[in-house]
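Observations on chain architecture
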Amino acid sequence: MERSVFDNMAQIDARHWWFAARRQIIGALIRDRVQPPSGARILEVGCGTGSNLELLGRFGAVDAIEPDPEARAFAAERSGVAVAGGTLPGGADLADGGYDLITLFDVLEHIPDDAGALEELARKVAPGGSLLLTVPAMPWMWSGHDVAHHHHRRYTAASLRRTLEGAGFELRYITHFNSLLFPLIAAARGLGKVTGHEGGDDAIPSGPVNGALRAVFAAERHLVPHMSLPFGVSLAVIAQPKRAAAGERLAA
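To start, this report covers the structure provided alongside it.

Criteria and cut-off values
Every residue gets a number counted from 1 within its own chain, in the order that chain's sequence is written. Given that this is a predicted model, residues contribute local features only at a pLDDT of at least 70 and side-chain atom pairs are listed and counted only at 80 or more, while totals for whole chains, interfaces and linings are drawn from all residues. Just so you know, side-chain values use all the structure's heavy atoms and leave hydrogens and water out. Angles run from 0 to 180 degrees between N-to-C directions of axes, and those axes are lines fitted to C-alpha atoms, restricted for helices to the stretch in contact. Secondary structure elements follow DSSP: runs of H or I no shorter than four residues count as helices, runs of E no shorter than two count as strands, and numbering proceeds from the N terminus. An angle counts as roughly parallel when it lies under 35 degrees, as roughly antiparallel when it exceeds 145, as roughly perpendicular when it falls between 65 and 115, and as oblique in every other case. Crossing handedness is defined as follows: a turn of the near helix away from the far one that is anticlockwise and smaller than a right angle gives a left-handed crossing, while the clockwise case is right-handed. What makes two residues a contact is simply this: any of their non-hydrogen atoms within 4.5 Å. Each residue is placed in one exposure class: buried if its accessible area under a 1.4 Å probe, protein chains only, is under 20% of its type's maximum, exposed if it is over 50%, and partly exposed if it falls in between. Only when DSSP finds a minimum of two bridges between them are two strands counted as paired.

Section: the packing of helix H5 (residues 114-124) against helix H7 (residues 157-166)
Where H5 meets H7, the axes come as close as 8 Å, and the angle between the chain directions of the two elements is 50°. Our classification of the angle between H5 and H7 gives oblique. Pair H5 / H7 crosses with right-handed handedness. Between H5 and H7, the contacting residues are Asp 114, Ala 115, Leu 118 and Glu 119 on the first element and Thr 163, Leu 164 and Gly 166 on the second.

Written as structure tokens, this is what we have:
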């Protein structure tokens, strides 16, 4: 990402409606769908400024990697987690079979070789363990927001499935989310393209608007773990390496 994007994220990710509501949805997915074992070993790949580490720590012992040195230092200071450097594929020192849960929250779209990164992570998942990731959906929604955040792609459910399966994973659950606000966001992105006013759209709205958007988006925590939504701005996937999936399946 641009340095300004990281700097801005460090200032807003505790309060901005999108980050705050996404954490609630992630927490519900881990609790109700992944159901990691007690004392789980958890890795967050691309933890950014560390806004998810406290949440993940409720489910087990957390490690994290983050390639950007300033974001890494900020994440370590705010969370107390020893955040390591490294990139995927090939540039991170991770033990094979070391983690019960590996997470990538809006990270995969930043990695040029997404398939190679996933192939490497498949080897790092412990027997019976899971991968939980979120990515931006709907390639037709590509906008200045994606450019500012250095995205390489947005995914469809089919393209994400193909990438994961080709990298050695079996999907256990896939759903769109950020569905309730989808019409509003799609309209805003479309208007930006027409008017030429595209960008990162990361500013925190006024308090009442921020609170309302957070409440609407966060309400999906009651839906996303239990039913696969057919459309939305984002996709969430739970997957297991094929070597483990046959013997250790998540509850349907």
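Some details on the pairing of strand E7 (residues 234-241)
Across the eight residues of E7, eight count as buried, placing the element largely inside the fold. Side-chain alternation along E7 places Ser 234, Ala 236, Ile 238 and Gln 240 on one buried face and Leu 235, Val 237, Ala 239 and Pro 241 on a second face that is also buried. Sheet analysis places strand E5 (residues 125-136) next to E7, joined by six bridges and oriented antiparallel. Bridge pairing links Leu 132 to Ile 238 in E7. By the bridge criterion, eight bridges tie strand E6 (residues 169-177) to E7 in an arrangement that is antiparallel. Note that in E7 the partner of Glu 170 across the bridge is Gln 240.

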